[in-house]
Structures are given as structure tokens and as C-alpha cells.
Amino acid sequence: MRFGFDIDDTLINLREHAFHVYNKKLNQNIALEIFHALNKVEIHEPFGMTAEEGSKMWNSSLEEIYYTNCPPYLGAVELLQQLTKEGHEIFYITARPPEHRERTKKWLEEQGFPVKNENFYCGMKDQEKVNIIKKLQLDYYFDDKPDVLNTLANCETKVFVKTQSYNEHLTIPRFSDWSEWKQLIGEAENLR
Ligand SMILES: [Mg+2]
């Protein structure tokens, strides 16, 4: 089988990590409950920033957000290692800026994720992921972001959403914990 994964907020807890980074940088102590109630992907609002200020803050913090100690979600590394061991193909499809391709790949490897250079796609726009997913003829694809998931409705690929506070309105099959994956795949097979 061919499995495709988004990285940020699907395999790793990036926004929450960034929220901690913002608290520290701005000398604030905004509670995680506020983070968990956000109904959009962007995290700047609780810090009193406009969209423009938020975007500046995000871009100037990228180094720390991407390459420090952002934790993978529980079970994610083990799942991808197991899939690889079982002979499945793993693809990463991330809209991180293209200049972050090599370091992101290396960072993932350091966390224990199995990465093949030729299966690593980086730097496309959210709306362009669908073309790669179709071209690769993935059996399964996992993502968190409504802007991506909304483009995948007519894909042959079986799509799953990693539950986040900003995607609860989506009606496609969802999971919140990677330990649920076996059951999920089982249900998907029954749908075919
Ligand atoms: Mg994502």
C-alpha cells in the first residue's frame, strides 16, 4: 500500500509547540485551553496580533518552530516504522517553504521517521497537494488542514483527517490518536 502523510499537525504537534515558542518569546503565559479552542489554523490571535503581525511573527520564528524540540504525536514514529517494515511505501507531502526541504527531511530522520529522499515532497501550495496525491496514486492520505482536505473530495485515495480544533466541521473519516490507525484502516477497507 502507498501511504501519504502531511507533517505539521498531522504527524507532529507543531502549532502547540509554536504556541509555547510565542509565549516564551513574548514573555506571556497564555493557557493551552485557549490554544485548544482556536477555530483557525493561525495561532496569533490570543497574543493580540493582527493577521499581518501574526504572519511576521510566524515567519521570523520558523527556525525555532521547525528545528528545536517539536514532539511527534504519540505513536506516529512507531506506526511509520512499522508500515515501512511491512513493505508499505511512505510518502511525505508538506507545504513547508521549499528552502526547508533538506533540513526538514533531516530533522524527521533524527526523530526516527523513515524517510526516502525520492518520496519526500515539499514546497507546494496547499491546493497543489491534490495533484501530487493523484499522481502518486496513494491508497491513503492523512492531513489536518481544511484548505487541503477540501480539495481531495474527488480523489480515489482514501483520506483521513487528524482531528484538530479548526477541522471539526469536516465530515470525512477522522482520528485523534495514531493508536487508532489499525481500526481506521480496517474500516476503510470495509468501505471499498
Ligand atoms: Mg498540516
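Given the structure is predicted, the values throughout are model-derived calculations rather than measurements.

What follows covers the nonpolar core. By size, the foremost hydrophobic cluster in this structure holds 32 residues, and its most contacted members are Phe 3, Phe 5, Phe 91, Leu 138, Tyr 140 and Tyr 141. Counting only elements with at least two residues in this core, the list comes to strand 1 (2-5), helix 1 (14-25), helix 4 (76-85), strand 2 (89-94), helix 6 (129-135), strand 4 (140-143), helix 7 (146-149) and strand 5 (158-162). Here this core spans two domains, and each of domain 1 (2-11 + 72-191) and domain 2 (14-67) adds at least three residues to it. What Phe 91 contacts, discounting residues up to four positions off in sequence, is Arg 2, Phe 3, Gly 4, Asn 119, Tyr 121, Leu 136 and Leu 138.

A few words now on unusual backbone geometry. With phi around 55°, Asn 27 is a residue other than glycine that occupies positive phi space. Positionally, Asn 27 belongs in the loop between helix 1 and helix 2 (32-36). With 6 C-beta atoms packed within 10 Å, Asn 27 lands in the exposed category. The backbone phi angle of Gln 137 is positive, close to 50°, even though this residue is not glycine. Within the secondary structure, Gln 137 sits in the loop between helix 6 and strand 4. Owing to 10 C-beta atoms within 10 Å, Gln 137 belongs among the exposed residues under this scheme.

Let's shift gears to the UniProt feature "active site" (unreviewed entry) in the protein. The UniProt record annotates "active site" (unreviewed entry) at Asp 6 and Asp 8. Along the chain, the position of Asp 6 falls in the loop between strand 1 and helix 1. Classification of Asp 6 as buried rests on a count of 22 C-beta atoms within 10 Å. If near-sequence neighbours (up to four positions away) are discounted, Asp 6 is found in contact with Ile 93, Thr 94, Phe 142, Asp 143, Asp 144 and Val 148. Locating Asp 8 in the fold gives a position in the loop between strand 1 and helix 1. Among all residues touching Asp 8, those that are not within four sequence positions of it are Leu 14 and Thr 94.

Okay, the pairing of strand 2 next. Most of strand 2 is tucked away, with five of its six residues classed as buried. Pairing between strand 1 and strand 2: four bridges, direction parallel. Along strand 2, the bridge assignment pairs Phe 5 with Tyr 92. Each parallel crossover has a hand, and the one from strand 2 via helix 5 (residues 101-111) to strand 3 (residues 120-122) is right-handed.

Domains assigned within the protein are domain 1 (2-11 + 72-191) and domain 2 (14-67). The interface of domain 1 with domain 2 comprises nine residues on the first partner and 10 residues on the second.

What follows concerns the environment of Asn 117. Assignment of secondary structure puts Asn 117 in the loop between helix 5 and strand 3. A C-alpha to C-alpha distance of 38 Å links Asn 117 and Thr 50, two positions 67 residues apart in sequence.

So, about the environment of Leu 11. Within the secondary structure, Leu 11 is located in the loop between strand 1 and helix 1. Between the C-alpha atoms of Leu 11 and Leu 26, which are 15 residues apart in sequence, the distance is 27 Å. Residue contacts for Leu 11: discarding those within four places in its chain leaves Phe 5, Pro 72, Tyr 73 and Ala 76.

About the criteria used
- Residues numbered from 1 in each chain as written.
- Predicted model: local features only at pLDDT ≥ 70, side-chain atom pairs only at ≥ 80, totals over all residues.
- Core = buried A, V, L, I, M, F, W, Y, C linked by C-beta atoms within 7 Å.
- Buried ≥ 20, exposed ≤ 12 C-beta atoms within 10 Å, placed from the backbone.
- Helix = DSSP H or I, 4+ residues; strand = E, 2+ residues; numbered from the N terminus.
- Domains from an automatic or database assignment.
- Contact = placed C-beta atoms within 7 Å.
- UniProt positions renumbered as here; feature names shortened; annotations may be inferred.
- Pairing = 2+ DSSP bridges.
- Right-handed = clockwise from strand over helix to strand, strands pointing away.

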